[in-house]
Amino acid sequence: MDPRPPTDEHERLGEAPSDDDAWRLWGPYVSARQWGTVREDYSADGDAWAFFPFEHSHARAYRWGEDGIAGLCDRYGFLNLAVAAWNGQDDRLKERLFGLTNGEGNHGEDAKEYWWALDATPTHSWARHLYRYPQAAFPYDELRRRNACAGLEGAEVRLADTGVLDGDRFFDIVTTHAKAATDDICLLIEATNHGPDPAPLHLVPQIWFRNTWSWGRDPRRPSLRALAPKQTVAADTTVVEARHAWLGTYVLVAEGAPRILACDNETHIEAVFGPDAGPSTTAYPKDGVTRALVNDDDSGINPAGTGTKVALAYHFPHVAPGETVSVRLRLRGDHQIDRPFGASYAAVLANREREADEFYAHVIPSEVGEEDRLIARRAFAGLNWGKQLYRFSVREWLDGDPAGPPPPASRRSPGGRDNGWGHLALADVISMPDEWEYPWFATWDLAFHCVAIAHMDPGFAKNQLLLLVREWAQHPNGQLPAYEWDFGDVNPPVHAWAAWLVYRLDGARDHAFLVRVFTKLLMNFSWWLNRKDSDGSNLFEGGFLGMDNISLFDRSRDVPKGWRLEQSDATSWMAFFCLAMLRIALELSRTDKSFDGLASTFLENFFSIAEAMETFGTDDVSLWDEEDGFYYDTLVDPEGNSQPVRIRSLVGLLPLIAITNVPTWVFEELPDFVGRLRWLQRRRPDLADSLVSARAGGTITTTLSPLPSPRLQAVLRRMLDEGEFLGAHGVRSLSAAYRDGVTMEVAGTQMSMRYDPGEGSTRAFGGNSNWRGPIWFPINSLLVDALRSHAAGAHEDHVVEFPTGSGRMVGLDVVADDLDERLIGLFRVGPGGRAPATPRDHPSGPLWDVHPTFSEYFDGDTGRGCGATHQTGWTAMVAHLICVRDARDARRTVRPAGR
């Protein structure tokens, strides 16, 4: 057996198992947006968007991070390098992406730019990014005005809707990073004029230090200085030297003689807060570069060529139609070299691109066709570009900085944002849901990211899952942090499922990882039992649980006073959590019998939850409606009277995902567990009826599921009905039977809702998150996975009518395969030359149709991409579906006859 890694990138991954290893020191970790985040919000009212708006971003120093276009930084975000540009028309330098805030967008926050992650390897040895920059003035005010007038019923007005891109009058700016070594990075910036006329362009790469010195906590100040020509080693180059206490010395070598613009990464106090706010702490604040280029005002530029922010301005007065202009840079640790842009520079770019091709040829099964291969590779690229530095110490944020004003009293008031999370202190590269609209981690999003990431970088996937159960993230009471707007909110408990899947995708060999994550998740499981089952009925509450506006009311905040909401989805998630923990415990018991007892504990917990779902819990509450053949949330009043919330949505489909098939080896290797199982079957048949056994080919298959066969049939009948949940591109989040709306009385109040296939028509949760009809990739992925488990287990011979009413009877594995194809088909080019998932505003044509987009969710009827347009977080699960589908198909083709 050849012990060598299969590709060069795999070898680098072997050298860098930890996030602190050398190959991971530099990467595209710079956020696409830092303004408007909770971290930067020091207001009394908690309005993060208003406290640090876009208009401040070019002149105001950030406290916790940085942002930029196609940015590169070190693992702790001290030194940053990103692309800026100016078309000669804009009123400011284009340093960062623009979008509307929650209050400005008619469907909530919304990025108003076009960019794509073209490629990337997990060690960031190779990365490529495309930003599309208009040649006319960017219509900031028009976008704000027109979206303010659009209303909830109107579509978002995007950049293309303004006409500014008509006639392809834009530059495509492609940025490439290629590592010659761990601390030697070749950077190439190429801009192509796609318009019909010559156009001017300034390319302005910028290097800067994150401001760590203005807050009264660390007085050390790094420095940047432009070296004099006599200090440069290579002819026709410009060199900026960077000195930092932790990083040491780096040099940025630039080709040619660009204009050097040096200033400080500090706030321009007068520009941001007005002349009465006091003077700036430097004569050369952060906006000096913009003022010099756009306003021809050099007063903010340090003539000594030193500071903490330096721009290198290249001016191309007339870029001809079809012409590409370029800038070559090289960032190196410690010292210059005599030929930074010689043959070795081109060789590094060529070799790293070739190695990336070889790497993904190994990661993506060879059976995958070219179109699906592109989809998967772009999804992986988005995941790699979506790794961003997340720095946040909640204690320091709550206390305020010594050099700043005292924090508002509201910070420490009961219910103040995150004031119970003072232990949380992160300075880590984390997989974000989205570069711009969600530049912060969300726990359940992260779990889905890790499943897809595990195909290319299992080490990073495992480290991410472990990070959120470390003591500086997980609450001492066991709760996992939800997301920065409210760490104390509740996300679905999918961490154990993701850990199990990542473990298997990594070859089922890293028992130490399983032990570490499992033991910390024991605390999380206890938290759920103690905090989210208020009456001990084994029916659970949880609030919105990630599915924001899926019900008639906000399930986190609008449950009638004195009532409680027993949730079908919360209860299903807990059954799902139980079975994932059971499966891990069984695996660990193979080599350490001390886990056997925990396996039995999770078995009994699952039986209790399944029994509560099947019959009636405390106060005779039932989640199952026999007449409708569906599960519903149920409201319980203070006297114990219950009322089901009869809205058919994903909350009633989620019981399907709570399933596992007990491995046959368990009955040979774990006698204590099997003994307890048999005892329960004999003595507590009321509990154990959620265990189903079947014999096939001499082998007994044992399945755990809360759904008895008649209920499984009933739920699937609804799910596979094209008039209800089954859409052309996946399973909808709300039944399409409510197209004309539905009204019912809930706790004495008339409430209404309707099926909205695309963007939301209410202001719930900002109006941009809609679970009232669209297709969401994470839940669809779980449903597909569950159907395969049902088909592989005791329900192997189970057949259903598919679609409902068609008369066509098929097995559950066929249904799963079909749903796979519907989901992957979102990204495949259709008869009109465009993929169904293409957002409404994307123009058609070869410059657009070649780029897959990964939206937050998809129209339940058409598949059109909706919401955030760069969600190569959980929507990157399409890469997982592609990889496991084709690997599974390959295994089927070599299956021996008679099997």
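Residues numbered from 1 in each chain as written. Predicted model: local features only at pLDDT ≥ 70, side-chain atom pairs only at ≥ 80, totals over all residues. Heavy atoms only, no water.

**So, the confidence of the model for the protein**
Low-pLDDT stretches of the model should not have their predicted coordinates read in fine detail. Applicable threshold: pLDDT is a per-residue confidence score from the predictor, ranging from 0 to 100. Any two residues whose heavy atoms approach within 4.5 Å at even a single point are treated as in contact.
Overall, the prediction assigns the protein a mean pLDDT of 94, with 96% of residues at 70 or greater. Contacts for the low-pLDDT stretch residues 892–899, under 50 throughout, to residues beyond four places or in other chains number two contacts.

**Details of the packing of aromatic side chains**
Selection rule: Note on aromatic pairs: the rings of Phe, Tyr and Trp (six-membered ring only in Trp) are paired at centre separations within 6.5 Å, and the planes decide the class, stacked below 30 degrees, edge-to-face beyond 60, tilted for the rest. In this description a helix means any DSSP run of H or I spanning at least four residues, a strand means any run of E spanning at least two, and both kinds are numbered starting from the N terminus. Note on classification: 1.4 Å probe, protein chains only; a residue is buried when its accessible area is under 20% of the maximum for its type, exposed when over 50%, partly exposed between these limits. Either the NZ atom of lysine or the CZ atom of arginine qualifies as a charge over a ring when it sits within 6 Å of the ring centre and within 35 degrees of the ring normal.
Taken as a whole and judged by the stated rule, the model has 57 aromatic pairs. Measuring from centroid to centroid gives 6.1 Å for F777 and F858, while their planes differ by 65°, and the two rings are edge-to-face. Here F858 lies in strand β36 (residues 857–858) and F777 lies in helix α21 (residues 777–792), a separation of 81 residues in the sequence. Take F777: its relative accessible area is 0%, and that puts it in the buried class. With 5.8 Å between their ring centres and 85° between their planes, F827 and F858 make a pair best called edge-to-face. A residue pair is termed long-range when its members are at least 10 positions apart, and F827 in the loop between α22 (812–825) and α23 (846–849) and F858 in strand β36 qualify at 31 residues. Overall, the relative accessible area of 4% leaves F827 in the buried class. Against the face of W436 rests R33, its NZ or CZ located 4.8 Å from the ring centre. We note R92 situated over the ring of Y140; from NZ or CZ to the ring centre the distance is 4.5 Å.

**Brief notes about the side chain of E266**
Tracing the backbone shows E266 in the loop between β16 (259–263) and α5 (269–273). With near-sequence residues (within four places) excluded, E266 lies in contact with A59, A61, N211, W213, S214, R221, T281, T282, P285 and K286.

**A look at the sheet that holds strand β19 (residues 324–333)**
Going by this rule: Any two strands with at least two DSSP bridges between them are considered paired. Helix axes are fitted only over the stretch in contact, all axes being lines through C-alpha atoms; the angle between N-to-C directions runs from 0 to 180 degrees.
Judged by pairing direction, the sheet is antiparallel, and its nine strands sit side by side in the order β7-β8-β9-β10-β19-β15-β14-β13-β17 without closing on themselves. Lying at the two open borders of the sheet, with one neighbouring strand each, are β7 (114–120) and β17 (306–307). As defined by bridge partners, strand β13 (residues 223–226) adjoins strand β14 (residues 237–244) across four bridges and the pair is classed as antiparallel. When the sheet's bridge partners are listed, L224 is paired in β14 with A242. Seen against the sheet, helix α7 (residues 343–363) touches β7, β8 (126–134), β9 (170–181), β10 (184–193) and β19 and runs at an angle of roughly 90° to β9. Sitting on the sheet, helix α8 (residues 370–385) is in contact with β7, β8 and β9, with an inclination near 100° to β7.

**Re the pairing of β19**
For β19, the tally of buried residues reaches seven of 10 residues, placing the bulk of the element in the interior. Across nine bridges, the pairing between β10 and β19 is antiparallel. Looking at the pairing, L187 lines up with L329 of β19. Bridging between strand β15 (residues 248–255) and β19 involves five bridges; their strand directions are antiparallel. Paired with Y250 across the two strands is G333, which belongs to β19.

**Some words on helix α13 (residues 511–531)**
Put simply, the rule is: A helix is expected to span 1.5 Å multiplied by its residue count minus one.
With 21 residues, α13 should cover 30 Å at 1.5 Å per step; its first-to-last C-alpha distance of 30 Å lies within 8% of that length. All buried positions along α13 are accounted for by F513, L514, V517, F518, K520, L521, N524, F525, W527 and W528. Looking at the buried side of α13, the elements it contacts are α11 (458–467), α12 (495–505), α14 (568–589) and α15 (596–614).

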